[in-house]
Structures are given as structure tokens and as C-alpha cells.
Amino acid sequence: CIRDRYQRRVHGGFFKITNAAGETAYTRNGAFKLDSEGTMVDGQGFKLDPEIVIPSDLIKISIAQDGTVTGENATTGAISTLGQITLVNFINPAGLAPQGDSLYLATDVSGDPIEATPGLEGIGTIRQGMIEGSNVQLVTEMVDLITAQRGYEANSKSINTTDSMLQTVNQLKR
């Protein structure tokens, strides 16, 4: 896992984002940052929903596993609660419509979004300072691809050989 102050890793569920068209989109990409107004946004500048604004006078921003965002005032040391990040799940997450850039839209197939506090109602939790790593083993996938390609070539050559043999048999009959 890669660690960074505003990166979040979700264990089950999706973050809710408002995209450029104003639609509600969903992502598992928790690599958030702050825009010029202190609003938490994703890598493309789309706002997290519900919106979380981090005032500039706060230090030590933390996000609990239940999504509670707190910050410590640099002057007074007082801890302030800034908001609550919620997670969304679907009856059929495979039915979400991919929009590119790790964003998905809900469809009839995915079912309605089920929004809840992280850690409750079967929704996953949030881990601060981490993002989800790839679950693909590149070397294994490349070996499998080459194996499949070689199998295809062998089958193709056997079909060509069979075709040539049948053509020769047909010519012998004449």
C-alpha cells in the first residue's frame, strides 16, 4: 500500500463523487487531495459527496475508520469534527457502468445505491494514508497471454494442415 496524508483505502463499498456533469458517480479510488478552497476532491478535481472542507488553520487532519473527519486547530489545539465520509454499496456492483478514470455510474442492473456510515450495515471501513494496490500479477498475466497466443497459433496451423490434407484428398478423387 502507498501511504499519503489524503489517500484513503476503502474495504468494501465506494466513495460517492459529483462528476463534471453534476451526476453522482462512484469510485474506489481514494487518492484525494484538497482544491484551492480546501474541499476534498479526487485526482480529477471532482468533489467528494458529502462535501468535506478543510479550513487552512487546521493541522493533523485525521479520518477514522467510520469516516469521521477531524482536525486540530494550529493555534488553540482544539479538535474539530469537519464531517462524515459515507460509503455506498450496491446489490450488484458488477452492474455499475464504467465511465473511465475509475468512475462508475449506477444502473438498473447494479440496483439502487445503499449509502451508510463506514463499518455499519455491511459497508466496509476506511483506512487513512493508504490506497488500494493492484491485484494483478503482471508477470503471471503476460505468461498466460503468451500461452494463449501460442495455443491459438498451434490451433490455426492444425486447421491449415487439415484444410491442405482435405484439398489433396479432393484432388485425388478427380
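For the structure, check the block above.
An account of the accompanying structure is given in this report.

1. A word on unusual backbone geometry
Most peptide bonds adopt trans geometry, and most residues besides glycine take a negative phi value. Residue Pro50 is bonded to the preceding Asp49 through a cis peptide linkage, with omega at 10°. Looking at the element boundaries, Pro50 is found in the loop between β6 (47-48) and β7 (58-63). Phi is positive for Lys60, which is not a glycine, with a value near 50°. Relative to the assigned elements, Lys60 resides in strand β7. Judged by its relative accessible area of 60%, Lys60 is exposed. Positive phi outside glycine occurs at Ser102, with the angle close to 65°. Relative to the assigned elements, Ser102 resides in the loop between β11 (97-100) and β12 (103-105).

2. Things to note about the pattern of salt bridges
Scanning the model with the defined rule gives four salt bridges in all. Lys16 serves as the salt-bridge partner of Asp49, at 3.7 Å between the closest nitrogen and oxygen. Remark: Lys16 occurs in strand β2 (residues 15-18) and Asp49 occurs in the loop between β6 and β7; sequence separation between them is 33 residues. Note on Asp49: relative accessible area 23%, which makes it partly exposed. In this structure, Lys16 engages Glu115 in a salt bridge whose closest nitrogen and oxygen atoms are separated by 2.9 Å. In this pair, Lys16 is assigned in strand β2 and Glu115 in strand β13 (residues 114-116), connecting sequence segments 99 residues apart. Connected through salt bridges with shared partners, the residues Lys16, Asp49 and Glu115 form a single ionic network.

3. Things to note about the environment of Thr81
Summarising the element assignment, Thr81 is placed in strand β9 (residues 79-84). Separated by eleven residues in the primary sequence, Thr81 and Thr70 place their C-alpha atoms 4.4 Å from one another. With residues up to four places along the chain from it excluded, the contact list for Thr81 reads Thr68, Val69 and Thr70.

4. Focus on the nonpolar core
Counting residues in hydrophobic clusters, the biggest one holds 20 residues, and the most contacted among them are Phe15, Met40, Leu48, Ile52, Val69 and Ile85. Mapped onto this core, the elements with two or more residues apiece are β2, β7 and β12. Broken down by element, the residue count for this core peaks at three residues, all from β7. Counting five residues, the second largest nonpolar core, distinct from the first, contains Phe14, Tyr26, Phe90 and Leu96.

5. Description of the pairing of β2
Pairing of β2 with strand β3 (residues 24-27) involves four bridges; the strand directions are antiparallel. Across the sheet, Thr18 pairs through a bridge with Thr24, a residue of β3. The turn linking β2 back onto β3 is made up of five residues, and Gly22 within it adopts a positive phi angle of 85°. Note: β2 against β6, two bridges, orientation antiparallel. Residue pairing in the sheet places Thr18 in a bridge with Lys47 of β6.

Cut-offs and rules
- Residues numbered from 1 in each chain as written.
- Predicted model: local features only at pLDDT ≥ 70, side-chain atom pairs only at ≥ 80, totals over all residues.
- Heavy atoms only, no water.
- Helix = DSSP H or I, 4+ residues; strand = E, 2+ residues; numbered from the N terminus.
- Buried < 20%, exposed > 50% of the residue type's maximum accessible area, 1.4 Å probe, protein only.
- Salt bridge = Lys/Arg side-chain N within 4 Å of Asp/Glu carboxyl O.
- Contact = heavy atoms within 4.5 Å.
- Core = buried A, V, L, I, M, F, W, Y, C linked by side-chain atoms within 4.5 Å.
- Pairing = 2+ DSSP bridges.

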